[in-house]
Amino acid sequence: MEDHRDEDFVKPKGAFKAFTGEGQKLGSTAPQVLSTSSPAQQAENEAKASSSILIDESEPTTNIQIRLADGGRLVQKFNHSHRISDIRLFIVDARPAMAATSFILMTTFPNKELADESQTLKEANLLNAVIVQRLT
């Protein structure tokens, strides 16, 4: 036993506690889209949308990755002759909540808006590309 009455009290350091809160992405130009469907319903909608795209196996195909405004990601196989408007219809079929919202489709780098939706994927140079959905 030691006598410490003549020493000043030093508070012991507390144990390290990691951050347990929730973060938000900064710099997002798109507002948060709330999905009201369950994951099972969402998977069913994606399967239905995927089956609605008719692929001609005798023609060349490409995979397009679509990054959605709600943080989701879709990958779909298309023919080179499919149009950008087919991608928009695929997104609306996969996420029915997007039908009521206005959005644009953009390429990743260089950032370019896909305004002419009558172009084929080959004409728009979107073979094996990543497309980003932005809400307007």
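Keep in mind that what you see is a predicted model, and the values were worked out from it rather than measured. (Residues numbered from 1 in each chain as written. Predicted model: local features only at pLDDT ≥ 70, side-chain atom pairs only at ≥ 80, totals over all residues. Heavy atoms only, no water.)

Re the nonpolar core
Note the threshold: The definition of a nonpolar core used throughout is a set of buried Ala, Val, Leu, Ile, Met, Phe, Trp, Tyr and Cys residues joined through side-chain atoms within 4.5 Å. Whether a residue is buried, partly exposed or exposed follows from its accessible area with a 1.4 Å probe, protein chains only, as a fraction of its type maximum: under 20%, in between, or over 50%, in that order. Secondary structure counts use DSSP, requiring at least four H or I residues in a row for a helix and at least two E residues in a row for a strand, with both numbered from the N terminus. In this analysis, two residues are considered to be in contact whenever any of their non-hydrogen atoms come within 4.5 Å of each other.
Core analysis: the biggest nonpolar cluster contains 22 residues, and Ile64, Ile66, Ile87, Ile91, Leu105 and Leu126 have the highest contact counts within it. Secondary-structure elements contributing two or more residues to this core are strand E1 (61-67), strand E2 (73-79), helix H2 (84-94), strand E3 (103-107) and strand E4 (130-135). In terms of residue count, H2 provides more of this core than any other element does, five residues in total. Setting aside residues no more than four positions away along its own chain, Ile66 makes contact with Gly72, Arg73, Leu74, Ile87, Phe90, Ile91 and Ile131.

Let's talk about the sheet that holds E1
So the rule is basically this: Two strands pair under a simple rule: DSSP has to find at least two bridges between them. Interaxial angles span 0 to 180 degrees and are taken between N-to-C directions of axes, which are lines fitted to C-alpha atoms, for helices over the stretch in contact.
Taken together, the four strands give an open sheet; going across it, the order is E2-E1-E4-E3, and neighbouring strands pair in mixed fashion. Of all the strands in the sheet, the pair left with one neighbour each is E2 and E3. The mean inter-strand angle of the sheet, taken between neighbouring strand axes irrespective of direction, is 30°. Examined bridge by bridge, E1 and E2 share seven bridges and lie antiparallel to one another. Bridging from a neighbouring strand, Arg67 pairs with Arg73 of E2. Strands in contact with H2 are E1, E2, E3 and E4; relative to E3, the strand with the most contacts, it is inclined by about 125°.

What about the packing of aromatic side chains?
What counts, and what does not: Two aromatic rings from Phe, Tyr or Trp, using only the six-membered ring of Trp, form a pair when their centres are within 6.5 Å; if the ring planes differ by under 30 degrees the pair is stacked, by over 60 it is edge-to-face, and anything between is tilted. When the NZ atom of lysine or the CZ atom of arginine is within 6 Å of a ring's centre and also within 35 degrees of its normal, the charge is said to sit over that ring.
Scanning the entire structure with this criterion turns up one aromatic pair. Judged by centre distance (6.1 Å) and plane angle (85°), the ring pair of Phe78 and Phe90 falls under edge-to-face. Of the two residues, Phe78 is situated in strand E2 and Phe90 in helix H2; the sequence distance between them amounts to 12 residues. Comparing Phe78 with Phe90, the two get one shared label, buried. The aromatic ring of Phe103 is capped on one face by Arg88, whose charged end is 4.4 Å from the ring centroid.

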